[in-house]
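Descriptive structure summary
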Number of protein chains: 2
Amino acid sequence: MLKITRKVEYALIALSQMQLKGNKSLTSVKEISQQNGIPYELLAKTMQLLARAEIVEAVKGPHGGYRLKKDPSIIKMTTFFEIIEGPMGFMDCSFDTDCDQIQSCAIRTPIQRINDSIRNMFNNISLQDITMLS
Amino acid sequence: MLKITRKVEYALIALSQMQLKGNKSLTSVKEISQQNGIPYELLAKTMQLLARAEIVEAVKGPHGGYRLKKDPSIIKMTTFFEIIEGPMGFMDCSFDTDCDQIQSCAIRTPIQRINDSIRNMFNNISLQDITMLS
DNA sequence: TTATATCCGACCTATTTAGTCCTAATTAAA
DNA sequence: TTTAATTAGGACTAAATAGGTCGGATATAA
Ligand code: SF4
Ligand code: SF4
């Protein structure tokens, strides 16, 4: 419960490694997956999500790979999570309205406040805060 | 991702309802499950966890049920979550040491800080903060 | 032309979450 | 003393999510 997924972890590791190399040079999925013991195909798909969202830029062909496209310091963790995993919410009713109890639910309001606090917290953490290890 | 489970929600709803009735009278699982459209057996098992943890007190037999045993204002949400779902952590390495990358992992430290912030947040929210609707 | 990349969907597997079933044990009340 | 209502708890099944794999397409440097 309340865990991040491997895909998110892998993406963070990848970006962290790319930042180390500087954002001029390209880093391939192969390189990242080998150096960190991450399943190639899964990381590849995750990088594709980041490319679609224009977090990184892809260069195809031999000696291709990815490079950072946006400054990680302006990317919120909330955004990052949702690029990879889709809508994020503490409970179902925070992003869809399918719950039967939604009218009479006694805990919805207080728990929604917690949801907001968490979102708020991740809105104030940037990708840079995690990938720039210190 | 980052969602609470139904068991946690059901437990919160149950406790919320019990608090409304006052902590002298007993509330049965049947009553709670019917009034809130919650699966009886699942709620029953969840209440048993709370009883073992002495959050509530059980009374068997006809007209039996549960009543609050501890003051909800002194129970941290962290504790509550872990009673129901077991060890809570943002990633695997925050409560077990089985991850292969644990030595070389570039993101462990910064992400551990986030984990600590979340724990800290839930250490400062009491059960009462959620079950006493306002 | 070939080898090396990303791209992308379909698929499979494992794990976790959610829900069900069945059989005690306890006890108030008929 | 029997019956019905309640909690206790294990075994099981079903559904949803997470994690991982495969195959083929597209682009491009050498
Ligand atoms: S309405 Fe209540 S029970 Fe339904 S998802 Fe929201 S918090 Fe949970
Ligand atoms: S060591 Fe790194 S990869 Fe492993 S669980 Fe911890 S954060 Fe995730």
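Going by the structure above, here's the rest.
Residues numbered from 1 in each chain as written. Chains lettered and ligands numbered in written order. Predicted model: local features only at pLDDT ≥ 70, side-chain atom pairs only at ≥ 80, totals over all residues. Heavy atoms only, no water.

**Let's talk about the site of ligand 1**
Formally: When we say a residue is near a molecule or strand, we mean one of its heavy atoms is within 4 Å of it. Lys, Arg, Asp and Glu make up the charged group, whereas Ala, Val, Leu, Ile, Met, Phe, Trp, Tyr, Cys and Pro make up the nonpolar group; the residues left over, Gly among them, are polar.
Neighbouring residues of ligand 1: A:M91, A:C93, A:C99, A:I102, A:C105, A:R108, B:R6 and B:E9. In this structure ligand 1 sits where residues from chains A and B come together. Across the shell around ligand 1, the residue classes break down as 5 nonpolar, no polar and 3 charged.

**Quick word on the relation of the copies chain A and chain B**
Applied cut-off: Here the copies were fitted onto each other by least squares, based on C-alpha atoms from residues at pLDDT of at least 70 in both.
Mapping chain A onto chain B calls for a screw motion: a turn of 180° about the axis and a shift of 0.0 Å along it, with 0.0 Å RMSD after fitting. Read as a symmetry element, the transformation amounts to a two-fold axis. Looking at the rotation axis and the C-alpha trace of chain A, the residue lying nearest is A:L2, at 2.1 Å.

**Here's the deal with the interface of chain A and chain B**
To keep it simple, the criterion reads: Throughout, a contact is declared for two residues whenever any of their heavy atoms are within 4.5 Å. Note on terms: buried area is the combined drop in 1.4 Å-probe accessible area of two parts once they are placed together, counting the loss on both. Salt bridge, as used here, is a side-chain nitrogen of Lys or Arg placed within 4 Å of a carboxyl oxygen of Asp or Glu. N or O atoms closer than or at 3.5 Å make up a polar contact, with two conditions inside protein: a donor-capable atom paired with an acceptor-capable one, and, for residues adjacent in sequence, both atoms drawn from side chains. Strands are runs of DSSP state E lasting at least two residues, helices are runs of H or I lasting at least four, and both sets are numbered from the N terminus onward.
Facing the 41 residues of chain A at the interface are 41 residues of chain B. When residues of chain A are sorted by the area they lose upon contact with chain B, A:M1, A:L2 and A:I107 head the list and together hold 19% of the total. A salt bridge links A:K3 to B:D92, with the shortest nitrogen-to-oxygen separation between them at 3.2 Å. At the surface where chain A touches chain B, the tally comes to 10 residue pairs in polar contact (both at pLDDT 80 or more). Elements that contribute at least two residues to the side of chain A that touches chain B include exactly α1 (6-21), α4 (77-85), α5 (108-123) and α6 (127-131) of chain A. Counting residues per element, the side of chain A that touches chain B draws most heavily on α5(A), which supplies 9 residues. Per-class residue counts for the side of chain A that touches chain B are 25 nonpolar, 9 polar and 7 charged.

**Brief notes about the protein's contact with DNA strand C**
Neighbouring DNA strand C are 27 residues, the closest being A:K45, A:Y66, B:T5, B:L42 and B:P62. Among atoms of DNA strand C positioned within 4 Å of the protein, sugar and phosphate together represent 63%. Take A:V29: an N or O atom from its main chain is 3.0 Å from a phosphate oxygen of DNA strand C. Breaking the surface near DNA strand C down by element, the ones donating at least two residues are α2 (29-36), α3 (40-52), β1 (56-59) and β2 (65-68) of chain A together with α1 (6-21) and α3 (40-52) of chain B. The greatest single-element share of the surface near DNA strand C, amounting to 5 residues, is contributed by α3(A). The residue inventory of the surface near DNA strand C, partitioned by class, reads 12 nonpolar, 6 polar and 9 charged.

**A closer look at the packing of aromatic side chains**
We count it as follows: Here is the rule: rings of Phe, Tyr and Trp (six-membered ring for Trp) pair when centre to centre is within 6.5 Å. Planes less than 30 degrees apart are stacked, more than 60 are edge-to-face, and the remainder are tilted.
According to the stated counting rule, one finds 4 aromatic pairs over all chains in the structure shown. With centroids separated by 5.9 Å and ring planes inclined at 15°, the aromatic side chains of A:F90 and B:F122 adopt a geometry described as stacked. Placement of A:F90 in the loop between α4 and α5 and of B:F122 in helix α5 (residues 108-123) is noted, with the two residues assigned to different chains.

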